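# Summary of structural features
As a plain string of letters, each chain reads:
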Amino acid sequence: MAHVKIPQPDELIKINYALPETTWMETPVEFRPGTWSYSGTAKSLIALNLPNPRSWQPTDEDWKLPENWQAIILSGMKERLRKYRSFRLFMDICVRCGACADKCHFYIGSGDPKNMPVLRAELLRSVYRRYFTTAGKRFGRLAGARDLTVDVLKEWFYYFYQCTECRRCSVFCPYGIDQAEITMMGRELLNLVGCNINWVIEPVANCFRTGNHLGIQPGGIKDMLEFMADDIEDRTGVRVDVPLNKKGADILFVTPSGDYFADPGTYTCMGYLMLFHEIGLNYTFSTYASEGGNFGLFTSAEMVKRLNAKIYAEAKRLGVKWILGGECGHMWRVIHQYMDTMNGPADFLEEPVSPITGARFENARSTKMVHIAEFTADLIRNKKLKLDPRRNDHLKITFHDSCNPARAMGLFEEPRYIINNACNHFYEMAEDTIREKTFCCGAGAGLGNDENLEMRMRGGMPRAMAVRAVVQKYGVNRLACMCAIDRATLTTLMDYWVPGVSVMGVHELLANALIMKGEKERTVDLRGNEMGG
Amino acid sequence: MNLLISIVAVLILMLLAMGMTMNHVTIYFLTAIAPYAAIAVFLAGFIRRILLWAKSPVPFRIPTTCGQEKSLPWIKSSPLENPSGLPGVIGRMALEVLLFRSLFRNTDVEMIDGRPVYGSASWLWFFGLVFHGSLLVIILRHLRFFTEPILPGIAGLTAVDGFLELAIPTLYLSDVMLLAAVIFLFVRRIINAPLRYISLAADYFALLLIAAIAVTGLWMRHIQPTDLEQVKALVMGWVTLSPHSPQGVGVVFFIHLFLICVLLAWFPFSKLMHAGGVFLSPTRNLANNSRSQRHMNPWNGPVLVHTYEEYEDEFRDKMKAAGLPVEKE
Ligand code: SF4
Ligand code: SF4
């Protein structure tokens, strides 16, 4: 796919924060090239039994909506107000204090006032007021209410697919109003009339059928993993196994398919393979549950559940004891906050215990799925791994907290513990840009496509600038992260804003430092670059 | 425009109150009916709204985590920013409700040399806290009109509030702070362009209404003292359910009273309901323990899934060709 032409960084950084002359209700949305995503194809919608499959694009005048689209949306709203306290509450209690306004990376990077979380919410809230509150029904505009028109729907589409559901705004809101939650509702409503984006809906359709977003078929997965095993042998002299669909394994390992598909995710995946080999873990990958990520999260709660169901089903079929999950962001939002509720109880699994150290993962007692950073940190703590951090001396690392593990889980120390044990040069970015205040890569929640490139670079700017600061200060040359989407999108982001910085997963860093039994003298890292030590 | 409408609305309300002092019937309405009506609307509306929220379930456990989770025993977790159980949740909510924890994080951002720079902006937190704190003190102080004898705590609070003993009658600290905070919040809403852009008429109205109530209150204390005996008698009349019209309390008192009635009656239908809502926010009041304790969703139902059997049926040959085990040959 061709990249749309976007301005150079020194042009893009001249962000215009001036407000439009017209009030926001009177400012129509403009689908500027580079700032929106292509529509979902009919083929994918049909494969998923989703409504209103057709061929259309957001720039079309006529979106070919169903005749009664307003009624569909309004009854969808009514249903969701009844089903989600969050939705009803967040519609009612915002005081428009503006504390969230400048916390969104899309606002900081674009200056578009409708990217202020509060205003993004008002896009939907104004319709809520008009149809579901007395004041709005009676006083209309004066009460901040407006009719649901096609233009409003287009505005929803533009701005709800310009929010990465990162939850940064929710950290700062005095009532915890979470725009991610509102965006999720907005996207569910849009989906009811067939308005979704292809970069979300095609992976969903793929995942439903083939088990992973990228549509890789069973043989393909095997080939890719074998190929990585070859590379590992080449670098280390050690031949690792790639167990697939193996019954009788102790542990089912699930990771985002991005990890076996493309650089630099593949290096992270090689890291997993080396680690599991070294500790002699009895585990298996699965081709049926070959996706840890879940683009259902960017579609609807129902779709989350439809895709996520495979993980427990496969764990049951293979008869494993518990499940281990790879490095990913939104995947962990689903695993941590949704999986057990949706598809549990996982009473056919055992409470996770590390077969190597005997540590009980009590925090995963019910879901029975452990994050690989928790697992590995425990191994290091118990001195089960031989690490030579000097082997990463050619790297100067900084670490990007991915939105979901940060703000929907609180996984901060484990990755840092691993990084600190695996390298000697680790530098944190500025405090306002890490941990719970971390800035999004700008391309999560299905927005990481090429046609949306300008918006991605804008949304990723705050993250990129924080990286640039540590590059200038400490000479950082590598950005570590624990998310498959990040590994893809941050790479583009760095190339644009901070050329010279490449991106890696934490387990790639670990594997560089990992001293394996029977290894040959290591001279190159997993990428084949000359390594330190 | 929204600003203008709110100013006009508050002025009309004040004029209305003044008008009502012209005639016995309306005075009776203002002093004997409106207060009860306002309280009734307030209570009924407040409860109705809370029930409406409470009736909607919390299908998923979605706390926003702002600190390290509780995971391995040797990793220090932050129970107040990322609670794993009830005590942490109570602590987190207490910080949130009493000290506005999240607002304290507030930063602002400025582009300097082509790079965003974040600065602390806790003044919003400060004035927000001052505003709510002094409002609370003032409301509590007013309780002295509602009981005979005055509750000891209230008398003490009043004494502390007036400890500066500036002016006669004593100028209360809370009054000054409230006015300062209202002015800050109001001015901020007007001069901060993005904030003005998002403000609705109701946002200005809330501030102006509270400001008008405060100013009329101060007026009666410091500029045109009102006969507090009469006020007390009136209020005790309400309390004992035998309201009677007060004598010689002046028109400002009626404005003060009427605006309070308006505020009470409007409250449950406005954003002021954040006062109740903050306790119910699922991103704040839930423990982050969804992996150790299963959270139940009352409407969790079956969905259409793609089973392993269907998957293997489609890919069996390819799986066999790749040497992968299959269930059915
Ligand atoms: S911080 Fe919360 S209350 Fe304030 S404007 Fe944003 S969403 Fe509304
Ligand atoms: S969730 Fe993230 S992207 Fe969405 S409005 Fe909030 S800060 Fe912006």
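Keep in mind it's a predicted model, so treat the numbers as computed, not measured.

Each partner contributes to the interface: chain A provides 117 residues, whereas chain B provides 87 residues. Note on chain A versus chain B: buried area summed over both sides is about 8,600 Å², and carbon and sulfur give 59% of it. Interface area lost by chain A to chain B is led by Arg85, Arg96 and Thr341 of chain A, which between them contribute 9%. Here chain A is connected to chain B by seven salt bridges. If you look at where chain A meets chain B, you find 68 residue pairs in polar contact (both at pLDDT 80 or more). Of all the elements, helix α16 (residues 330-343) of chain A adds the most residues to the side of chain A that touches chain B, at nine residues. By residue class, the composition of the side of chain A that touches chain B is 56 nonpolar, 25 polar and 36 charged.

The first and last C-alpha atoms of helix α11 (residues 198-210) of chain A sit 17 Å apart over 13 residues, in line with the 18 Å expected at 1.5 Å per residue. Within α11 of chain A, the full set of buried residues consists of Asn198, Val200, Ile201, Pro203, Val204, Ala205, Cys207, Phe208 and Thr210 of chain A. Summarising the contacts, the buried residues of α11 of chain A are in contact with α2 (42-47), α10 (179-192) and α15 (301-318) of chain A together with α13 (308-321) of chain B. Looking at the residues trailing α11 of chain A, positive phi occurs at Gly211 of chain A, about 95°.

This part covers the nonpolar core. Residues Leu153, Trp156 and Trp497 of chain A are the most contacted members of the largest nonpolar core, which totals 175 residues. With twelve residues, the single largest contributor to this core is helix α9 (residues 201-223) of chain B. Mapped onto the domain boundaries, this core takes at least three residues apiece from domain 1 (9-30 + 51-195) and domain 2 (205-513) of chain A. Not counting the four nearest positions on each side in its chain, Trp497 of chain A is found in contact with Pro9, Leu12, Ile13, Met457, Met461, Ala464, Met465 and Arg468 of chain A. Counting 85 residues, the second largest nonpolar core, distinct from the first, contains Met228, Val254, Phe285 and Val506 of chain A.

A separate point is the domain arrangement of chain A. All names here are of chain A. Partitioning chain A into domains gives domain 1 (9-30 + 51-195) and domain 2 (205-513). Between the C-alpha centres of domain 1 and domain 2 there is a distance of 31 Å. Listed per partner, the contact involves 27 residues of domain 1 and 33 residues of domain 2. Here domain 1 packs against domain 2, burying approximately 2,500 Å² in sum over the two surfaces, 64% of which is carbon and sulfur. The three residues of domain 1 that bury the most area against domain 2 are Leu12, Arg167 and Arg168, which together make up 24% of that side's buried surface. Seen at the junction of domain 1 and domain 2, the total is zero salt bridges. When residues of the side of domain 1 that touches domain 2 are traced back to their parent elements, those giving at least two are α1 (9-12), α5 (105-110), α9 (168-172) and α10. For the side of domain 1 that touches domain 2, the residue count by class is 13 nonpolar, seven polar and seven charged.

Scanning all chains against the criterion turns up 55 salt bridges over all chains. Across the pair Glu148 of chain B and Lys232 of chain B runs a salt bridge, and its minimum N-O distance is 3.1 Å. Within this pair, whereas Glu148 of chain B is found in the loop between α5 (123-142) and α6 (152-161), its partner Lys232 of chain B is found in helix α10 (residues 228-239), the two being separated by 84 residues in sequence. Judged by its relative accessible area of 15%, Lys232 of chain B is buried. One network of salt bridges, in which partners are shared, links Arg96, Glu122, Arg125 and Arg129 of chain A together with Arg189, Asp203 and Lys271 of chain B.

The calculated volume of the second largest pocket comes to roughly 1,200 Å³. Looking at the second largest pocket, it is lined by 43 residues, and the ones nearest its centre are Ala135 and Gly136 of chain A together with Trp266, Phe269 and Ser270 of chain B. When contributions to the lining of the second largest pocket are tallied by element, the ones reaching two or more residues are α3 (69-83), α4 (85-92), α6 (117-132) and α7 (134-139) of chain A together with α1 (2-20), α2 (24-55), α9 and α11 (250-266) of chain B. Of the residues that constitute the lining of the second largest pocket, the class distribution is 23 nonpolar, seven polar and 13 charged.

All names here are of chain B. Where strand β1 (residues 107-111) meets strand β2 (residues 116-120), five bridges bridge the pair, whose relative direction is antiparallel. Looking at β2, one finds that Val109 is bridged to Tyr118. If you look at the hairpin formed by β1 and β2, you'll find four residues sitting between the two strands, and Asp113 has a positive phi there, around 50°.

Moving on, we come to the sheet that holds strand β3 (residues 322-325) of chain A. Backbone hydrogen bonds are what pair the strands of a sheet, in a parallel or an antiparallel way. Residues and elements named next belong to chain A. Reading across from one edge, β2-β1-β3-β4 is the order of the four strands in this open sheet, with parallel pairing throughout. A single partner strand is all that each edge strand has here, and the edge strands are β2 (283-284) and β4 (369-371). Bridge analysis of β3 against β4 gives three bridges, and the strand direction is parallel. Among the inter-strand pairings, Leu324 is bridged to a residue of β4, identified as Val370. Those strands touched by helix α17 (residues 372-381) are β1 (251-254), β3 and β4, and its axis lies near 70° from that of β4.

Calculation criteria
Residues numbered from 1 in each chain as written. Chains lettered and ligands numbered in written order. Predicted model: local features only at pLDDT ≥ 70, side-chain atom pairs only at ≥ 80, totals over all residues. Heavy atoms only, no water. Contact = heavy atoms within 4.5 Å. Buried area = accessible area lost by both parts, 1.4 Å probe. Salt bridge = Lys/Arg side-chain N within 4 Å of Asp/Glu carboxyl O. Polar contact = N/O pair within 3.5 Å; in protein donor to acceptor, adjacent residues only side chain to side chain. Helix = DSSP H or I, 4+ residues; strand = E, 2+ residues; numbered from the N terminus. Nonpolar A, V, L, I, M, F, W, Y, C, P; charged D, E, K, R; others polar. Expected span 1.5 Å × (residues − 1). Buried < 20%, exposed > 50% of the residue type's maximum accessible area, 1.4 Å probe, protein only. Core = buried A, V, L, I, M, F, W, Y, C linked by side-chain atoms within 4.5 Å. Domains from an automatic or database assignment. 1 Å grid on protein atoms, 1.4 Å probe; cavity = no way out; pocket = protein on both sides within 12 Å on 5 of 7 lines; lining within 4 Å. Points joined across faces, edges and corners; volume = space filled by probe spheres on them. Pairing = 2+ DSSP bridges. Axes fitted to C-alpha atoms, helices over the stretch in contact; angles between N-to-C directions.

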